[in-house]
Amino acid sequence: TRVRSSAESDVYKRQPRDDPGHYAGLLSTADVDDIIAFTRPKFVDPAPFSTQPPRKQTFVQGWLAERQAGETARYPGVAELREVYGQGKTVIVMTMQHRWPPAAALCRNLEAAFHCPVHANMYLTPKGAQGFDAHFDPHEVFVLQLEGRKHWRLYGPSRPLPLVDERFNVPKDRLGPPTEVRLGPGDMLYIPRGHVHEAFTSEGPSLHLTVGVNVYRWADLLHEAVTLLAREDERFRESVPPGLLGGEDPPTAVKDRFRELMAALASSARSEDAIRRLGDRFFGEMQPLPGGHFLPVAEADAIDLDTVLVRGRGMVCRVVRDGSWVSIEFPGGLVGGLAKIASALYYVASVRRFPVRALPDELGAEGKLILARRLLHERLLTVAAPPRRDQPAGPPGSERAS
């Protein structure tokens, strides 16, 4: 399944597998207690946990502690959330990529594929319940059905390719006839951004993950281009005339300056620079996944040219050149050097598993070992475990990164 972003975006993709164990090890209802107890989701609406008569509400939603700040926030425990769940409310826990290691690994693998941020939210819905009314999301959605069954109604696009801050419920009288989809354990459903949907359970409870792919838009790239150009061209840094926002038709001079600046953007902006800046945002916000970062890398000094190295867990990387300097960037780190190591860094970025001797020959044997040891110490690479005796060794050579 791939994310569609143009005329294809009116196509849903359902992946029925007839394999209830397909997502085994990702998340189960048995794990929910640990997630609540040890990650302490923050619920900004205290009403569902109040002793007052409950108001009509179909879900409760837990955030990370630093999100959705407010004095009324609650940190309910397992017993409190189990009680509201028993009242028929869907329990939603946001940002599972920051709470649960398998969800973090899933999102990081998708970030490596799509080169944009990916998040995952958990939905635990009791039988005969519906969390949200019909709505659309501003990001691409993959629904992974983990346990139970859930019914989905898909109404088609309401807002073609919405912006990131656009989230709307849609009145029922504006909904057309839906496409009905029923998901069972192991199934997956893709819903393009802007497409209206709702989901409910009937005979039993349901647990699913909604994986959101937060694509970068052309508007994001153009924003970076304007920001870069403003650093060089002082016209973009000038203040707009006083009183311009009063609601009257802007003066001719303002319209002329606007057209002048747009023409300067078209003639001077470089796509390469804007792409690099957008990449700076993506890689700059990415943290390494947990995985023994405080342990010593004892094997680094013992490697030789035949040692097989593999990309570290959750490591996404890119190579950036700046004049005579080149560097490889990855979550939590950067390794750089003179341009002579560029081919080796590009090789490392494009290959997931390789023997040290497969690095480009420009480095020489000793240079290959030095670079490999440095990347081992920075955790971008690890030493591959030897194949088990009951498994045949893979073919010689390298494995290209997908």
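Its location among the elements puts Arg-167 in the loop between strand S8 (150-157) and strand S9 (168-169). For the pair Arg-167 and Pro-138, spaced 29 residues apart in sequence, the C-alpha separation works out to 6.4 Å. Those residues in contact with Arg-167, other than ones at most four positions away along the chain, are Phe-136 and Pro-138.

Okay, the side chain of Arg-217 next. If you trace the backbone, Arg-217 turns up in the loop between strand S13 (206-213) and helix H4 (218-232). At 3.4 Å, the side chain of Arg-217 forms a polar contact with the backbone oxygen of Val-215. Apart from residues lying up to four places away in sequence, Arg-217 is in contact with Pro-138, Pro-162, Leu-163, Val-164 and Arg-193.

Once that is clear, we can look at the confidence of the model for the chain. On average, residues of the chain score 89 in pLDDT, and 89% of them reach the 70 mark or higher. Across residues 393-398, confidence stays below pLDDT 50; counting only partners more than four residues off in sequence or on other chains, it has nine contacts.

With three bridges connecting them, strand S14 (residues 308-311) and strand S18 (residues 351-355) associate as antiparallel partners. Each bridged residue has a counterpart across the sheet, and for Val-310 the counterpart in S18 is Arg-353. With three bridges joining them, S14 and strand S19 (residues 381-383) adopt antiparallel strand pairing. The partner of Leu-309 across the bridge, within S19, is Val-383.

Here we come to the packing of H4 against helix H6 (residues 271-284). It is at 8 Å that the axes of H4 and H6 come closest, and there the two elements cross at 105°. Relative to H6, H4 is oriented roughly perpendicular. Residues Asp-220, Leu-221, Glu-224, Ala-225, Thr-227, Leu-228 and Arg-231 of H4 form the contact with H6, whose own contacting residues are Asp-273, Ala-274, Ile-275, Arg-277, Leu-278 and Arg-281. Class assignment for the residues of the contact of H4 with H6 results in six nonpolar, one polar and six charged.

The rules behind each value
- Residues numbered from 1 in each chain as written.
- Predicted model: local features only at pLDDT ≥ 70, side-chain atom pairs only at ≥ 80, totals over all residues.
- Heavy atoms only, no water.
- Helix = DSSP H or I, 4+ residues; strand = E, 2+ residues; numbered from the N terminus.
- Contact = heavy atoms within 4.5 Å.
- Polar contact = N/O pair within 3.5 Å; in protein donor to acceptor, adjacent residues only side chain to side chain.
- pLDDT = per-residue confidence, 0-100.
- Pairing = 2+ DSSP bridges.
- Axes fitted to C-alpha atoms, helices over the stretch in contact; angles between N-to-C directions.
- Parallel < 35°, antiparallel > 145°, perpendicular 65-115°, else oblique.
- Nonpolar A, V, L, I, M, F, W, Y, C, P; charged D, E, K, R; others polar.

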